Amino acid sequence: PLASSTPQYPPVKNYSPTMMKFAILAAAAGSAAAFAPSPVAQTSTALGVTAAQKDFFGITSVDYSKALGVQAPLGFFDPLGLLTDADTEAFDDLREKEIKHGRVAMLAV
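This structure is a prediction, so every number in the text was calculated from the model and none was measured. (Residues numbered from 1 in each chain as written. Predicted model: local features only at pLDDT ≥ 70, side-chain atom pairs only at ≥ 80, totals over all residues. Heavy atoms only, no water.)

Remarks on the overall build of the protein
Of the regular secondary structure elements, the protein holds three helices and zero strands. Along its sequence from the N terminus, the protein presents helices and strands in the succession α-α-α. Within the protein, buried positions represent 10% of all 109 residues. Counting contacts in the protein only where the partners sit at least 6 residues apart, residues at least 24 apart contribute 66% of the total. Here the protein displays about 9,700 Å² of accessible surface, and carbon together with sulfur accounts for 65% of that area. (Helix = DSSP H or I, 4+ residues; strand = E, 2+ residues; numbered from the N terminus. Buried < 20%, exposed > 50% of the residue type's maximum accessible area, 1.4 Å probe, protein only. Contact = heavy atoms within 4.5 Å. Areas by Shrake-Rupley, 256 points an atom, 1.4 Å probe, with all protein chains shown as cover.)

Here is the structure:
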């Protein structure tokens, strides 16, 4: 005997509105957790400054943590320690070079 031409589907279960609301709430809570900020460990990346760098740049001690451009979450970023004991002239010179090389890199792309 040939089977009927209409497909046979399993019976549909009736879910309660409470169960559906709970499922939607659980999905929303799970997706919201993806956008929660994660804790970030504060580690120092400064290597310090050598005597040769002090002589070359004429480095003296100045606090640059309040300089223009220092902003959260990174703060003052000097991983090589070039400005550990630098004066304002060395700071301005390095900032000028950073801006110039950044613009050249943007043009290169």
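Now that the structure has been shown, the text picks up again.
Let's talk about the nonpolar core
Y64, A67, L83, A86, A90, F91 and L94 together form the largest nonpolar core, which totals seven residues. With residues near it in sequence (within four places) discarded, F91 still touches Y64, A67, F76 and L83. (Core = buried A, V, L, I, M, F, W, Y, C linked by side-chain atoms within 4.5 Å.)

Thoughts on the pattern of salt bridges
Across all of its chains, the model carries one salt bridge by this definition. Across the pair K97 and D93 runs a salt bridge, and its minimum N-O distance is 3.2 Å. Of this pair, K97 and D93 both sit in helix α3 (residues 88-108), four residues apart, which is roughly one turn of the helix. For K97, a relative accessible area of 39% translates into the label partly exposed. (Salt bridge = Lys/Arg side-chain N within 4 Å of Asp/Glu carboxyl O.)

Some thoughts on the confidence of the model for the protein
A residue-level look at the protein finds 77% of positions with pLDDT of 70 or above and a mean pLDDT of 77. Highest mean pLDDT in the protein belongs to α3 (91); lowest belongs to helix α2 (residues 51-57) (73). (pLDDT = per-residue confidence, 0-100.)

What to know about α3
Given 3.6 residues per turn, any residue in an α-helix points the same way as the ones three and four places further on. Between its terminal C-alpha atoms α3 stretches 30 Å, which fits the 30 Å expected from 21 residues at 1.5 Å a residue. Among all positions of α3, only A90, F91 and L94 are buried. The buried side chains of α3 occupy one side of the element, clustering within an arc of 95° when seen end-on. Within α3, the exposed residues directed more than 90 degrees away from the buried face are E89, E96, K100, R103, M106 and L107. (Expected span 1.5 Å × (residues − 1). Arc of directions from axis to C-beta.)

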